[in-house]
Amino acid sequence: MGKIYQTDGATRRVTHPLFLSIALVFSCFTSGVYAVDDNIHPEVASKKKRVLVAKSQTGMVITANDYATQAASDTILKGGSAVDAAIAAQLVLGLVEPQSSGIGGGGFLLHYDSKKKQLKHFNGRETAPMAVNEDHFMVAKNKAYPFFDALVGGYAVGTPGLVAMMYNAHKQYGKLPWASLFEPAILLASNGFIISNRLHDSLKALAKSPKGVSNKALAALYFQTNGEPKPVGSILRNPQLANTYSEIANKGPKAFYQGTIGQDIVQAVKNDSNKKGLLNKKDLIRYQSLIETPLCKNIGNFKFCGSPPPSSGPFTVTQMVELLAKTPELKGLAYDSPGFYHRFIEAAKLSFADRNTYIADPRFTKNPTKALLSPGYTEKRAKLIPLLKASDELSVAGDIDEVDYLQVKSPNQPSTTHLSIVDKEGNIVSMTTSIEHAFGSRIQVRGFLLNNQLTDFSFTPINKNNEKIANRIEPGKMPRSSMSPMIIFNEKDQPILVIGSPGGAWIIPYVAKTITQHLYLGASLEDAIESPHIANTNRLHATIEDDAPDSLKKTLEMLGHEFKQRPLTSGIHAIKIHNGFYTGVADSRREGTAKGL
Ligand code: GLU
């Protein structure tokens, strides 16, 4: 019973007494738990490490890889701000964790200015090329592209937004010179870094996945001549990326959007041998990273803030937590009890129904987030959560008078990276970035990979009733995201939690579960992150983390839940702020590290 984490020699066991007793009561009931998984899983699970916890009174850095954590902490120690540190770390992540993010992709950066007590959102989401039409992902009437046909090659490459976003954030909140932020990554790309288990496993999975590795530059950089990925522990140099970074360091984003780097991106997309794309020079020139007001919502004594649409993440997280908070006597439940997990699945079904229907790029479609988070609406929806057994029907989206479009399904796959940083002055960055699928479109240009973010659009533009789908592809539009960089405040408007995760649409349940368990059910941040994940994205079955205790699985089955089991590889990097202390936690499911400053 309980969860065992194998680490380098050490074994850690977390026992849940409640599971023990419930298991005893229900141990006579067993029935089939689905072991087969029909989801595509683009990023592999890697061996769990120890959950890492760091404490400090003067600053905190958590990123998905220790090289990046080091670059961020060095940057702050040199006098840099949280934004400086985030940029330095991101550039290193693009090198050492190339499967997840990089300058060929996009992201969202939420910034808290501790002096002005002001929050700003920097939006670097990719945009669809101006040459697309609504049927971009349709092979024929009523027939969408198979996922991998759309993903591999130029067809799903959106205009990358990361460089423009980092530059905007730096202009407002940078303290060190822009070029200096590239130094750690350039040095590491030139001298080499050690290939980690996770990168190696991801390369292995890439080689075996549909369409494999056909891009020559990608194969040459990461694979040996016998076709095997370069081994764990070997040194990898990426001099092309070092040159690309030097150019952007010296000339700024112009080198990327208007210079030869952009030209090379367009050529690679247009001439890809798998599938040519429509991105052209003008798409790059017209790209604008947006500076926005974050989505914020008061719930009881807390204020939840995060990326606004086109991310569906913080909206859905907030609505889920609100629905749960409105169920009777939530606080009487243990954070790891089947009773909590049951309510969590039901809240997810309801919130994902709204999210799937209503959320898309707000420049193209009205997002009724205010109505969907209003007290009257959430009160009504919370009452739909059955307390003692699973609902036997799929929830449908609530009726919102202002809008009238329907259900959307767009695949949204787990790669991506999240970092959380607090600098010495208390400024905060919560940033999630992505190239979408592991290794993105698999097109490598000048040492970095291009995204396949356009597959986050609904492939079909209309639903069964011939109504337009909110998240359909349109020229210049940003695809809906699930990325959820968030900061939560207390009743005095002080930040108390910085959080986010990779994981595709599952980001939402990862973050919502952690927040609920930690802020409402008394779990430590570490226990909340490490307790089993469970998700439902408005499907008939839920998905449960494969190593969740049997007692939990059996009890949920008794309540009528059906689920599939698989690794749920979150990478939650969160900072708790309490009484002047920072506690940073790096999820055991990936390779992230936390460092107090
Ligand atoms: N493309 C996804 C999104 O924007 C992120 C994918 C991931 O987390 O792996 O929501």
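Refer to the structure printed above.
I will try to describe carefully the structure that is included in this document. Note that this is a predicted model, so its numbers are computed, not measured.

About the cut-offs
- Residue positions within a chain follow its written sequence, with the count starting from 1.
- Only residues with pLDDT of 70 or above have their local features reported here, since the model is predicted, and side-chain atom pairs are shown and tallied only from 80 upward, although totals for entire chains, interfaces and linings are computed over all residues.
- Only heavy atoms go into the side-chain values, all of them from the structure, while hydrogens and water stay out.
- For helices, the axis comes from a line fit to the C-alpha atoms of the stretch in contact; other axes are also lines fit to C-alpha atoms, and the angle between any two N-to-C directions lies between 0 and 180 degrees.
- Elements are defined by DSSP. Helices are runs of H or I of four residues or more, strands are runs of E of two residues or more, and each kind is numbered from the N terminus.
- Roughly parallel means an angle under 35 degrees; roughly antiparallel, over 145; roughly perpendicular, 65 to 115; everything else is oblique.
- Whether a crossing is left-handed or right-handed is set by the direction in which the near helix is turned from the far one by less than a right angle, anticlockwise for left-handed and clockwise for right-handed.
- In this description, contact between two residues means that some pair of their heavy atoms is separated by no more than 4.5 Å.
- For the purposes of this section, nonpolar cores are sets of buried Ala, Val, Leu, Ile, Met, Phe, Trp, Tyr and Cys residues that join through side-chain atoms within 4.5 Å.
- Exposure categories follow from relative accessible area, calculated using a 1.4 Å probe and restricted to protein chains: below 20% of the type maximum is buried, above 50% is exposed, and the middle band is partly exposed.
- DSSP bridges decide pairing: two strands pair if at least two such bridges lie between them.
- Helices are assigned an expected span. That span is 1.5 Å times one less than the residue count.
- Ten residues, namely Ala, Val, Leu, Ile, Met, Phe, Trp, Tyr, Cys and Pro, are considered nonpolar, four, namely Asp, Glu, Lys and Arg, are considered charged, and the remaining ones, Gly among them, are considered polar.
- The rule is short: rings of Phe, Tyr and Trp, with Trp giving its six-membered ring, pair when the centres are within 6.5 Å, and they are stacked under 30 degrees, edge-to-face over 60, tilted in between.
- A ring has a charge above it when a Lys NZ or an Arg CZ is no more than 6 Å from the ring centre and no more than 35 degrees off the ring normal.

Looking now at the packing of helix α6 (residues 183-191) against helix α9 (residues 239-251). Relative to each other, α6 and α9 sit at 155 degrees, their axes nearing to 7 Å. Comparing the axis directions of α6 and α9 gives the class roughly antiparallel. As for the relative orientation of α6 and α9, their crossing is left-handed in sense. Listed contacts from α9 to A185, I186, A189 and S190 of α6 are P239, A242, Y245 and S246.

On to the nonpolar core. Core analysis: the biggest nonpolar cluster contains 75 residues, and I103, F182, F256, I265 and I421 have the highest contact counts within it. Ranked by the residues each element gives to this core, the list is headed by helix α3 (residues 82-96), at 11 residues.

Across the sheet, three strands lie side by side as β20-β21-β22; this open sheet has mixed pairing. Among the strands making up the open sheet, the edge pair consists of β20 (534-535) and β22 (563-566). Pairing of β20 with strand β21 (residues 542-545), which is carried by two bridges, proceeds in the antiparallel orientation. If you follow I534 over to β21, its bridge partner there is I544.

Attention now goes to helix α14 (residues 338-358). Helix length check: α14, at 21 residues, gives a terminal C-alpha distance of 30 Å against a target of 30 Å (1.5 Å per residue), a fit within 8%. The element α14 is extensively covered by neighbouring structure, given that 20 of its 21 residues are classed as buried.

Moving on: the packing of α14 against helix α17 (residues 507-520). Where α14 contacts α17, the axes come no closer than 11 Å and their chain directions differ by 135 degrees. Considering their axes alone, α14 and α17 lie oblique with respect to each other. Like other packed secondary-structure pairs, α14 and α17 cross with a definite hand, here right-handed. Together, F340, Y341, F344, F352 and R355 of α14 and I508, P509, A512, K513, T516 and Q517 of α17 make up the contact between the two elements. Among the residues making up the contact of α14 with α17, the classes are represented as seven nonpolar, two polar and two charged.

You can see T69 is positioned in helix α2 (residues 66-77). Judged by relative accessible area, T69 falls into the buried class, the value being 0%. Setting aside its immediate chain neighbours within four residues, T69 contacts V61, T63, T593 and K595.

Before going further, it helps to spend a moment on the packing of aromatic side chains. Applying the stated criterion across every chain, the model contains 19 aromatic pairs. Ring geometry for Y67 versus F193: centroids 6.3 Å apart, planes at 80 degrees, classification edge-to-face. One end of the pair, Y67, is in helix α2; the other, F193, is in strand β9 (residues 193-194), and 126 residues separate them in sequence. Using a relative accessible area of 29% as the deciding quantity, one classes Y67 as partly exposed. With a relative accessible area of 1%, F193 lands in the buried category. Note on F182 and Y245: the rings are 5.9 Å apart at their centroids and 75 degrees apart in plane angle, and the pair reads as edge-to-face. Separated by 63 residues along the polypeptide, F182 in the loop between α5 (162-173) and α6 and Y245 in helix α9 bring together distant segments of the chain. For Y245, a relative accessible area of 1% translates into the label buried. Put simply, the rings of F137, Y145, F147, F148, Y155 and F459 touch in pairs and so form one group of aromatic residues. A cation sits over an aromatic face here: K275 above Y155, 4.5 Å from the ring centre. Looking at K303, its charged tip hangs above the ring of F489, at a distance of 5.1 Å from the centre.

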